[in-house]
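The chain contents come next:
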Amino acid sequence: MPFAESRTPTAEPLLGDDGPAWLHVHLGLYGRWSFSGPRATDVAGAGLRGGGNAAAVPEPGATVRLRLEAEDLAADLTGPARCEALDGQGVRAVLARLGPDPVRNEPGDRERFVTTIRSRRAAVGQLILDQSIAAGPGNIYRADCLFRTGISPLTPGSEVSPERLGALWDDLAATMADDVDSGVIRTVPPDLRPEPVPEGDEEAGRFAVYHRTGRPCLRCGTTIVEKDLVGRRLFWCPGCQR
Ligand SMILES: [Zn+2]
């Protein structure tokens with residue numbers, strides 16, 4: 001099976017037939033990790049938040065799909081879209097169908113993202129959620145990174161300039177990397193974050209357009225709108241996204 005070039009060069013030596021087993025987890029919309037045991041409060045970052053602080057690790061609940069356990073700490077996975085053990089060939093197959101990952105942002109990834117979107121006529125707001133084009137971005141990053149770079153999500157990918165798509169990749173990479181560090185998704189640009197956050201519009205402290213339908217745009221005051229795009233809610237500002 002061909003190995004997608006530029007993907008996971010650091011993992012390649014471990015993917016042989018005699019290599020270790022790999023755990024593949026896709027959280028999807030409902031999957032989450034939770035932590036228990038005396039050391040649970042030490043766990044944070046990398047998108048994970050420390051959970052309870054029980055004196056001992058409790059028995060796993062009925063909905064737990066997988067438990068990873070160490071001394072004084074357990075990580076329980078519930079509700080994942082995927083949870084499977086893979087060998088090296090299985091890992092290659094998964095990687096071959098994924099696009100570049102903005103959090104890894106390896107050499108060539110930015111160009112591959114720009115070139116692929118430029119070759120497609122679908123709306124750029126639809127293409128971003130295609131995991132074969134970019135692996136990782138979900139609905140929040142789709143909405144807010146397009147806002148941050150001023151791109152209308154309805155523009156066909158082929159009509160967005162390479163410069164703007166490059167800026168979009170850079171913004172996805174920077175925003176997602178920041179959130180991995182903090183463990184919290186917070187995509188509103190710091191200079192647009194209202195102080196204090198308006199009563200009844202608390203999400204303005206975290207998101208720019210995501211989930212803010214009917215609220216005033218933090219940049220231009222135009223009312224934020226939404227529409228269904230391929231089964232997912234898409235949010236944007238028709239005033240300052242072109
Ligand atoms: Zn606006």
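Before reading on, note that the structure itself is shown above.
Residues numbered from 1 in each chain as written. Predicted model: local features only at pLDDT ≥ 70, side-chain atom pairs only at ≥ 80, totals over all residues. Heavy atoms only, no water.

Note on placement: Gln241 falls in the segment after β9 (232-236). Residue class for Gln241 comes out buried when judged on its relative accessible area of 3%. As for Gln241 and Ser152, which are separated by 89 residues in sequence, their C-alpha atoms are 4.5 Å apart. In this structure Gln241 touches Leu146, Phe147, Gly150, Ile151, Ser152, Pro153, Val209, Arg219 and Trp236, once residues within four positions along its chain are discounted. Within the structure, Gln241 has its side chain in polar contact with the backbone oxygen of Leu146 (distance 3.5 Å). (Helix = DSSP H or I, 4+ residues; strand = E, 2+ residues; numbered from the N terminus. Buried < 20%, exposed > 50% of the residue type's maximum accessible area, 1.4 Å probe, protein only. Contact = heavy atoms within 4.5 Å. Polar contact = N/O pair within 3.5 Å; in protein donor to acceptor, adjacent residues only side chain to side chain.)

In this structure, Cys217 (SG), Cys220 (SG), Cys237 (SG) and Cys240 (SG) serve as the protein donors to the zinc ion, at separations of 2.3 to 2.4 Å. Metal-centred angles of 100 to 116 degrees between the four donor atoms at the zinc ion mark the site as tetrahedral. Mapping the donors of the zinc ion onto the primary sequence yields the spacing C-x2-C-x16-C-x2-C. Here Cys237 lies in the segment after β9 and Cys217 lies in the loop between α5 (162-182) and β8 (225-229), a separation of 20 residues in the sequence. (Donors = N, O, S within 2.8 Å, 3.2 Å for Na, K, Ca; no water. Tetrahedral: all angles 85-135°; square planar, octahedral: opposite > 155°, others 65-115°.)

What the three strands build is an open sheet, ordered β2-β6-β5; its pairing is antiparallel. Every interior strand has two partners, whereas the edge strands, β2 (32-36) and β5 (64-70), have only one. Taking the axes of each pair of neighbouring strands and ignoring which way they run, one obtains an average angle of 20 degrees across the sheet. In this structure, β5 lies alongside strand β6 (residues 73-78), joined through six bridges in antiparallel fashion. If you follow Arg67 over to β6, its bridge partner there is Asp76. (Pairing = 2+ DSSP bridges. Axes fitted to C-alpha atoms, helices over the stretch in contact; angles between N-to-C directions.)

This brings us to the packing of helix α4 (residues 139-148) against α5. Two numbers describe how α4 lies on α5: the axes approach to 9 Å, and their chain directions differ by 125 degrees. With respect to α5, the element α4 is oriented oblique. Considering only the axes of α4 and α5, their crossing is right-handed. Taking contact as the criterion, the partners of Tyr141, Cys145, Leu146 and Arg148 in α4 are, on α5, Leu168, Asp171, Leu172, Thr175, Met176 and Asp179. A per-class count over the contact of α4 with α5 returns six nonpolar, one polar and three charged. (Parallel < 35°, antiparallel > 145°, perpendicular 65-115°, else oblique. Left-handed = near helix turned anticlockwise from the far one by under 90°. Nonpolar A, V, L, I, M, F, W, Y, C, P; charged D, E, K, R; others polar.)

For the rest of this paragraph, the subject is the nonpolar core. Grouped together as the largest cluster of nonpolar side chains are 18 residues, with contacts concentrated most on Phe113, Ile117, Val124, Leu165, Leu168 and Leu172. Here Leu172 is in contact with Pro102, Phe113, Pro137, Tyr141 and Cys145, once residues within four sequence places are set aside. (Core = buried A, V, L, I, M, F, W, Y, C linked by side-chain atoms within 4.5 Å.)

Take the packing of helix α2 (residues 109-118) against α5 next. Where α2 meets α5, the closest approach of the two axes is 9 Å, and the angle between their N-to-C directions is 130 degrees. Considering their axes alone, α2 and α5 lie oblique with respect to each other. Relative to α5, α2 is oriented so that their crossing is right-handed. In contact with Asp109, Arg110, Phe113, Val114, Ile117 and Arg118 of α2, α5 contributes Pro162, Leu165, Gly166, Ala167, Leu168, Trp169, Asp170 and Leu172. Broken down by class, the residue content of the contact of α2 with α5 amounts to nine nonpolar, one polar and four charged.

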